[in-house]
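# Summary of structural features
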Amino acid sequence: MNSDKYIFNSEKQRYEVHRTSLGRRVGDVGVYILIGAAVFLIYTLLNGRLFAAPSPRQMVLERQNDRLISKIEYLSQRTGRQADRLGELEMRDNRVYRPIFGMDEIPSSVRNAGYSDPGRYAALAKFGNADFLTQTLRRQDIIEKKAYLQSRSYDDVEKVAANVEDMAKYIPTLFPVCPGPAINITSPFGYRLHPIFQSVFFHSGTDIAGPRGTPIYATADGVVADVKYSDGGYGNEVDIEHGFGYSTRYAHLLGANVVRGQKVHRGDQIATMGSSGRATGVHLHYEVFYKDAQVNPANYYDKNVDPKTYMSLVTPADKIHR
Ligand SMILES: [Zn+2]
């Protein structure tokens, strides 16, 4: 470094060399160092990030983290769409498939049951986004459970559908007596004026009047659930359990041709017409139950079948082998 200075001497009309002392020169350097340090300090203070700048590894992790969060968000959206789709399947299952085969709806309380264990998602609490993660995982769990339940329901429907031909045998489709000029429906199912009490009440079956001793036939396959004398007014009564939610009741009988526990086929003679119990005349009081409630028997039978055809479908009591 050459820090010598040349100064013009006007008297001597020439330049003279003025050597700067060593001490002075060292001092100058110190000033430069101080200024440099100050500039550096100000620079680092203004740019706090200088020392806090992420390491390359940190930057990689941050990028990975961003990607994972957007993946979770995507999964969460997909979970929502899956839940919607599953909801449609459940609705069709409850409203269409199960009713076709006479199966009960699966209550929503069962379908929507989640996990009751509160500790199940506790491990997620230590993460950032804990609420979001918990919510996503909970939804996923519910979908998993619902999908499992739905597949079980389809299994059940499949089983019933495979037996649908059998099922037709258990639906009470036969008129309980052979139609003919002497056979009349004297009181249909529904509200009517009671012949004895003269008040409006609900008639829970169909009354079919005919000659005393007219054979009465099982209207579908089943098992005789009861043969009894009913004090309530039905008199001699036979009840048949058909399965698939159906049962039938035959009341005011003269007598029964079957015993409790006996298997019967559609058209088997089970009783004869009478007026036992609280009856105004000889008639059969016939009820159809579906899922423990009386329904209109007329919705099931065809009473316009001709007598010859009818007789080809039935078996008299003396021809039935127990
Ligand atoms: Zn009746």
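Everything discussed here concerns the structure shown above.
Before going into details, it helps to say that this report is about the structure given with it. (Residues numbered from 1 in each chain as written. Predicted model: local features only at pLDDT ≥ 70, side-chain atom pairs only at ≥ 80, totals over all residues.)

### With respect to the overall build of the chain
The line we're drawing: Helix and strand labels come from DSSP, where a helix needs a run of H or I of at least four residues and a strand needs a run of E of at least two; each type is numbered from the N terminus. For every residue pair, C-beta atoms are placed from the backbone, and the pair is scored as a contact if these atoms sit within 7 Å.
When helices and strands are counted, the chain shows seven helices and 14 strands. Expressed as a percentage of contacts within the chain between residues at least 6 apart in sequence, the contacts between residues at least 24 apart total 64%.

### Thoughts on the pairing of strand S12 (residues 269-273)
Defined as follows: Exposure criterion: with C-beta atoms placed from backbone coordinates, a residue whose C-beta has 20 or more other C-beta atoms within 10 Å is buried, one with 12 or fewer is exposed, and one in between is partly exposed. When DSSP finds two or more bridges between two strands, those strands count as paired.
The element S12 is largely enclosed, with a buried count of four among its five residues. Pairing analysis gives three bridges linking strand S7 (residues 215-217) to S12, with the strands arranged antiparallel. Residue pairing for S12: Pro215 is matched across the bridge by Thr272. Taken together, the three bridges between strand S10 (residues 246-256) and S12 define a ladder with antiparallel strand orientation. Looking at the pairing, Gly255 lines up with Thr272 of S12.

### Structural notes on helix H3 (residues 56-100)
For an α-helix the count is 3.6 residues per turn, leaving residues at separations of three or four pointing the same way. For the record, the criterion: Each helix should span, by expectation, one fewer than its residue count multiplied by 1.5 Å. Throughout, bend refers to the angle between the axes fitted to the seven residues that end at a position and the seven residues that start at it.
Its 45 residues place the ends of H3 64 Å apart at the C-alpha level, agreeing with the 66 Å of an ideal helix rising 1.5 Å per residue. Largest kink in H3: about 40°, centred on Asp93. Of the residues flanking the end of H3, it is Gly102, one or two places downstream, whose phi is positive at about 70°.

### Observations concerning helix H5 (residues 130-162)
Over its 33 residues, H5 extends 48 Å from the first C-alpha to the last, a length consistent with the 48 Å expected when each residue adds 1.5 Å. For H5, the full list of buried residues reads Thr136, Lys146 and Ser153. On its buried face, H5 sits against H3 and helix H4 (108-111).

### Considerations on unusual backbone geometry
Non-glycine residue Phe244 carries a positive phi angle of around 55°. The backbone of His252 shows a phi angle near 65°, a positive value even though the residue is not glycine. Checked against the element boundaries, His252 lands in strand S10.

### Examining the packing of H3 against H5
Threshold: Lines fitted to C-alpha atoms define the axes here, with helix axes fitted over just the stretch in contact, and angles between the N-to-C directions of these axes take values from 0 to 180 degrees. Roughly parallel refers to an angle under 35 degrees, roughly antiparallel to one over 145, roughly perpendicular to one between 65 and 115, and oblique to any angle outside these ranges. Should the near helix be turned counterclockwise from the far one by less than a right angle, the crossing is left-handed, whereas a clockwise turn marks it as right-handed. Under the grouping applied here, Gly and all other residues not named as nonpolar or charged are polar, the nonpolar ones being Ala, Val, Leu, Ile, Met, Phe, Trp, Tyr, Cys and Pro and the charged ones Asp, Glu, Lys and Arg.
Close contact between H3 and H5 brings their axes to 9 Å; oriented N to C, the two are set at 25°. As the angle between them shows, H3 and H5 are arranged roughly parallel. Considering the relative orientation of H3 and H5, their crossing is left-handed. Every residue of H5 that contacts H3 at Ile72, Leu75, Ser76, Thr79, Gln82, Ala83, Leu86, Leu89, Glu90, Asp93, Tyr97 and Arg98 is listed here: Leu133, Thr136, Arg139, Gln140, Ile143, Lys146, Ala147, Gln150, Ser153 and Val157. Within the contact of H3 with H5, the residues separate by chemical class into ten nonpolar, seven polar and five charged.

### Overview of the nonpolar core
The nonpolar side chains of a soluble globular protein tend to be buried, and buried together. Put simply, the rule is: As used throughout, a nonpolar core is a set of buried Ala, Val, Leu, Ile, Met, Phe, Trp, Tyr and Cys residues joined through C-beta atoms within 7 Å of each other.
The biggest cluster of nonpolar side chains holds 32 residues, and the ones touching the most others in it are Ile216, Val238, Tyr250 and Ile270. Of all the elements in the fold, those that place two or more residues in this core are strand S6 (206-209), S7, strand S8 (222-230), strand S9 (235-243), S10, S12 and strand S13 (283-290). It is S10 that contributes the most residues to this core, five residues altogether. Non-local contacts of Tyr250, meaning those with residues more than four positions away in its chain, are made with Pro176, Ile216, Glu237, Val238, Ile270, Ala271, Leu284 and Tyr286.

### Observations concerning the pairing of S8
For S8 and strand S11 (residues 263-264), the ladder comprises two bridges, and the chain directions are antiparallel. Residue pairing in the sheet places Val223 in a bridge with Lys263 of S11. Adjacent in sequence and paired antiparallel, S8 and S9 are bridged by four residues, among which Gly233 carries a positive phi angle near 130°.

### Considerations on the environment of Ile196
Following the sequence through the fold, Ile196 ends up in the loop between strand S4 (190-193) and strand S5 (200-203). Using a count of 9 C-beta atoms within 10 Å as the deciding quantity, one classes Ile196 as exposed. C-alpha of Ile196 to C-alpha of Arg278: the two residues are 82 residues apart in sequence and 9.1 Å apart in space. Non-local contacts of Ile196, meaning those with residues more than four positions away in its chain, are made with Arg278 and Thr280.

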